[in-house]
Amino acid sequence: MFFVDTLEFEGLGNRSYLAGGPSAAVVIDPPRDIDQIITAAARRGVRIAFVAETHVHNDYVTGGLELARVTGAQYLVPAEAHVSFTRAPVADGDTVTVDEGLVLRAIATPGHTPHHTSYALTEDGRDVATFTGGSLLIGTVGRPDLVEPRLTEKLARAQHASAHRLADELDDEVPVLPTHGFGSFCSSSQAEGDATTIGKERATNDALTLDVDTFVAQMLAGLDDVPAYYTHMGPANAAGPLPVDLTPPRRADAEEIASRLAAGEWVVDLRSRMAFAEGHVAGSFNFEGEGKLATYLAWLIPWGKPVTLLADAPGQIAAAQRELARVGIDRPAAAATGDPAGWVRAGEELASFPRARFADLADVRGRGDDVVVLDVRRDSERADDYIDGSAHIPLHELHGRLGEVPDGVVWVHCAGGMRAAIAASLLDAAGRDVVAVDDGFDAAAAAGLTVVRH
């Protein structure tokens, strides 16, 4: 009897899979921190016989090479992927026997990348699952624009063909188990739901219900911004990532924190946006550990810039270190935990700024106060609706465009509050008077603000 265990990585919007039989298993698209995969296999009492990649990933650093080395597993990588390490190249139609009666079959599904490969798991000759990586996702497909702009339309058409191949070759009841699509920016559109099958996708997925020209036109028109750190992920994975080091970073005292800030390094406060607004080290940035930490910190930070982490407790530092390692931000320069008052030198005070709701902004505008409303949502979000008279700089561009923010008290908002808190910390560190709007954007119109809709 086969099993499939799912490992979820909510911060990145990805999943990895451990699948096998009574004695052996295969791992599909493992994360960089392989210890949890090894633990999952030990819990099942199985040997990891194979590690398989669906593609050279653009959004995270894989742990596949290290997992294969540690376990002695065969490392299956698409044959057409250009990599600098020894692996077992996999071509369309190749099979490996995972356990008795359990076979993994490679299915070429180009589109997300030119070499993308899905895998069908077959038990006693019957397909029981398909691992689709960045090909067929839940209600959508992986985006085709992460490899090379000149290939984007060609890959979009390949995505359509690959989705149809999967639907043609697999029965309706076969579960579709993608790597991307749970909030990942590798998804070409927002995926809905938690589970799906070939049959469900056949009935609802645009790649399977629209003709190729309509599908390609709609997908290309709807592609969102690409996180800047994606530029570094593919090359790191192709070169062969180094083993991850999750030993605790050195402790920093107030003097060292001040020194690192003075040197232009990033000091990142992982506490809640409420706690940060109430009191924080002047010049530090707020990326909540409970939010999409890896995505947004890696997107904004100048690549290679040393980072010091601040948090309530060591567990928060450890969790953040693990998540950041998944996107290639290794070894924090230092860390500090505990009472924020201990993070500043004697005689210095913590900085703060107010938080508010859209109703408060409406009151201020109603009094005639001259304030700046800054929208830090992405272009695609603002295209739907925006507050009349607001300025717009997407969060991922704000650090390099602070000089473009109009003079005055800045009321900064996003769609829900998390990104506004990051933006408020960037503005506060730059010496601006800022108010963080911690509210859902749906409340703007209800509060009496004029919302322009398209």
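Please refer to the structure placed before this passage.
Here's what I pulled together on the structure shown here.

Reading the values: the criteria
Each chain has its residues counted from 1, following the order in which its sequence is written. Residues qualify for local features only when their pLDDT is at least 70, as the model is predicted, and side-chain atom pairs are given and counted only at 80 or more; totals for whole chains, interfaces and linings, by contrast, use all residues. Where side-chain values are given, they derive from all heavy atoms of the structure, hydrogens and water being excluded. Throughout this description, buried means an accessible area under 20% of the type-specific maximum (1.4 Å probe, protein chains only), exposed means over 50%, and partly exposed covers the range between. Helix and strand labels come from DSSP, where a helix needs a run of H or I of at least four residues and a strand needs a run of E of at least two; each type is numbered from the N terminus. Note that the arc is computed from the directions linking the helix axis to the C-beta atoms. Contacts: residue pairs with any heavy atoms within 4.5 Å of one another. Paired strands are those between which DSSP finds at least two bridges. Note on geometry: axes are lines fitted to C-alpha atoms, helical ones only across the stretch in contact, with angles between N-to-C directions running from 0 to 180 degrees. Definition of a polar contact: a pair of N or O atoms within 3.5 Å, with one able to donate and the other able to accept a hydrogen when the atoms are protein atoms, and with sequence-neighbouring residues admitted only if both atoms are side-chain atoms.

## Here's the deal with helix H12 (residues 358–366)
Right, so step 1: Those residues of H12 lying buried are Phe358, Leu361, Ala362 and Val364. An end-on view of H12 places all buried positions within 165° of arc, on one side of the element.
Right, so step 2: Those residues of H12 that are buried are in contact with strand E18 (372–375), strand E19 (385–387), strand E21 (410–413), strand E22 (434–437) and helix H16 (443–446).
Right, so step 3: Gly368 lies just past H12 and shows a positive phi near 90°.

## Remarks on the sheet that holds strand E12 (residues 196–197)
Right, so step 1: Taken in spatial order, the six strands of this open sheet run E7-E8-E9-E10-E11-E12, and their pairing is mixed. With one partner strand each, in any of the chains shown, strand E7 (95–99) and E12 form the two edges of the open sheet.
Right, so step 2: Of the strand pairs in this sheet, strand E9 (residues 117–123) and strand E10 (residues 126–133) are connected by five bridges, and their pairing is antiparallel. By the bridge assignment, Thr122 is partnered in E10 with Asp127.
Right, so step 3: In the packing of helix H3 (residues 152–169) onto the sheet, contacts are made with strand E8 (102–108), E9 and E10, and the angle to E8 comes to roughly 145°.

## Comments concerning the environment of Thr117
Right, so step 1: Of note, Thr117 is situated in strand E9.
Right, so step 2: Accessibility expressed as a relative area gives 6% for Thr117, which makes it buried.
Right, so step 3: C-alpha separation for the pair Thr117 and Ala91, spaced 26 residues apart in sequence, amounts to 8.2 Å.
Right, so step 4: With residues near it in sequence (within four places) discarded, Thr117 still touches Thr54, Pro78, Ala106, Ile107 and Thr109.
Right, so step 5: For Thr117, the side chain forms a polar contact with the main-chain oxygen of His115, separated by 3.1 Å.

## Some points on the sheet that holds strand E20 (residues 391–392)
What links the strands of a sheet is backbone hydrogen bonding, and the strands pair in either a parallel or an antiparallel sense.
Right, so step 1: Overall, parallel pairing links the five strands, which are arranged E17-E22-E21-E18-E20 in an open sheet. A strand with exactly one partner marks an edge of an open sheet, and here the two such strands are strand E17 (355–356) and E20.
Right, so step 2: Running over the sheet, H12 touches E17, E18, E21 and E22 and is turned about 150° from E21.
Right, so step 3: Contacting E18, E21 and E22, helix H15 (residues 418–429) runs over the sheet at an angle of about 150° to E21.

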